[in-house]
Amino acid sequence: MKWTKFYLPDAYSPTMEQLVYFHDHTMSIITSIMILICILLNSLLWNKLIDLNMNEHQMIETWWTILPTIVLFLIAIPSLKILYSMEELINPTISIKSMGHQWYWSYEYSDKFCKELESYMKYNKKNDFRLLEVDNKMKAPFLTQIRMIFSSSDVLHSWTIPCLGIKMDAVPGRINQSSLMIKKPGIFMGQCSEICGANHSFMPIMLESIKLNKFIKWIS
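Residues numbered from 1 in each chain as written. Predicted model: local features only at pLDDT ≥ 70, side-chain atom pairs only at ≥ 80, totals over all residues. Heavy atoms only, no water.

1. Side note on the overall build of the protein chain
Cut-off, in case you're wondering: In this text, helices come from DSSP runs of H or I with a minimum length of four residues, and strands from runs of E with a minimum of two, each type numbered from the N-terminal end. Throughout, radius of gyration means the C-alpha value; the globule benchmark is 2.2 Å times the number of residues raised to the power 0.38. Remark: exposure states derive from per-residue accessible area (1.4 Å probe, protein chains only) relative to the maximum for the residue type, with buried under 20%, exposed over 50%, and partly exposed in between. Contacts between residues were defined by any pair of non-hydrogen atoms, one from each residue, lying within 4.5 Å. Surface accessibility in these figures is a Shrake-Rupley result with a 1.4 Å probe; residues are shielded only by whichever protein chains are displayed. By the counting scheme adopted, Arg and Lys are positive, Glu and Asp are negative, and His together with the chain ends is not counted. For this purpose, a charge sits on NZ of Lys, CZ of Arg, CG of Asp or CD of Glu.
Across its full length, the protein chain holds 3 helices and 10 strands. In terms of overall dimensions, the protein chain is more spread out than a globule: its C-alpha atoms have a radius of gyration of 24 Å, far above the 17 Å expected for 220 residues. Its C-alpha atoms give the protein chain principal-axis dimensions of roughly 85 × 40 × 35 Å. Expressed as a percentage of its 220 residues, the buried residues of the protein chain come to 30%. Within the protein chain, contacts between residues at least 6 apart in sequence are counted, and of these 64% link residues at least 24 apart. By element, 62% of the accessible surface of the protein chain is carried by carbon and sulfur atoms, the whole surface being about 15000 Å². Computed over 21 positive and 19 negative side-chain charges, the separation of the two mean positions in the protein chain equals 12 Å.

Structure below.
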């Protein structure tokens, strides 16, 4: 992503794909409504016909009550589907726990092999991404159902990677969970999107997606 882009990031998970489709679906409805309103306003401004005897029109009033209801259903039903699919966990293969600290993230893999690592932001170098590079990347296999568990040790944080369509708050004393399915190998970056303090913008997230057999070798 660059600051000159006006569209959503490329989707690398089924959730983000659905969010992009829902955005396009909603924008098409909004654009159609705006065009209709502009046409009606234009006709009102330039039409000089006046009918003093037409005080009401029950059919028009009925339709302009029914049509907005139908439009709201067309927006609400896909939205609720995506919300429920984002929260649904179906036989996760791997569970990864992410803990928010001031001002870094720690990750815990404890399914079969217990492995923990801390992820701090690196100082800027020539080939590093500014404010996004970390010393220990979180690793996860692609095309595998993953359960992400989030919590915090101090204040509110939010674990966010836009291109994967995942954003979950890390709350002290509480555990939140979300599902994650990565479709392709690569490195995906995000930041804490909660105003968690002075160094809130210096909590980068870097996830490396690798093959399952490489992930098993790495974790063991």
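2. Brief notes about the packing of aromatic side chains
Convention followed: Working definition: rings of Phe, Tyr and Trp (its six-membered ring) pair if their centres are within 6.5 Å, and the pair is stacked with planes under 30 degrees apart, edge-to-face with planes over 60 apart, and tilted otherwise. Both a distance and an angle decide whether a charge sits over a ring: NZ of Lys or CZ of Arg must be within 6 Å of the ring centre and within 35 degrees of the ring normal.
One pass over the full model with this rule turns up 6 aromatic pairs. With centroids separated by 5.5 Å and ring planes inclined at 40°, the aromatic side chains of F150 and W159 adopt a geometry described as tilted. Residues F215 and W218 carry aromatic rings whose centres are separated by 5.9 Å and whose planes lie at 35° to one another, so their mutual orientation is tilted. Of this pair, F215 and W218 both sit in helix α3 (residues 212–219), 3 residues apart, which is roughly one turn of the helix. With relative accessibility at 3%, the residue F215 sits in the buried group. Judged by relative accessible area, W218 falls into the partly exposed class, the value being 23%. Taken together, the ring pairs connect Y109, F215 and W218 into an aromatic cluster. Cation over ring: K115 sits above W218, and NZ or CZ is 4.9 Å from the ring centre.

3. Focus on the UniProt feature "domain: Cytochrome oxidase subunit II copper A binding" (unreviewed entry) in the protein chain
Using the following cut-off: UniProt positions are given in the numbering used here, feature names are shortened, and annotations may be inferred rather than shown by experiment.
Residues annotated by UniProt as "domain: Cytochrome oxidase subunit II copper A binding" (unreviewed entry) correspond here to residues 91–220. Helix makes up 6% of residues 91–220 and strand 45%, whereas the separation of the span's terminal C-alpha atoms amounts to 22 Å.

4. Remarks on the packing of helix α1 (residues 14–46) against helix α2 (residues 58–87)
The condition that has to hold: Helix axes are fitted to C-alpha atoms over the stretch in contact, other axes to C-alpha atoms as well, and angles between N-to-C directions run from 0 to 180 degrees. When describing relative orientation, an angle under 35 degrees is termed roughly parallel and one over 145 degrees roughly antiparallel, while 65 to 115 degrees is termed roughly perpendicular and anything else oblique. Three residue categories are used. Nonpolar comprises Ala, Val, Leu, Ile, Met, Phe, Trp, Tyr, Cys and Pro, charged comprises Asp, Glu, Lys and Arg, and polar comprises the others, including Gly.
Two elements in contact, α1 and α2, have axes separated by 11 Å at closest approach and are oriented at 170°. With respect to their mutual orientation, α1 and α2 come out roughly antiparallel. Counting all contacts with α1, which are made through T15, Q18, L19, F22, H25, T26, I29 and I33, the residues of α2 involved are V71, L74, I75, P78, S79, I82 and M86. When the residues that make up the contact of α1 with α2 are grouped by side-chain class, the tally is 10 nonpolar, 5 polar and no charged.

5. Some details on unusual backbone geometry
A cis geometry characterises the amide bond from Q102 onward to W103, with omega recorded as 0°. Take W103: it is sitting in the loop between β1 (94–101) and β2 (104–109). Of note, the phi angle at N91 is positive, near 45°, even though the residue is not glycine. Inspection of the secondary structure assignment puts N91 in the loop between α2 and β1. In this structure, L143 is a non-glycine residue whose phi angle is positive, near 55°.

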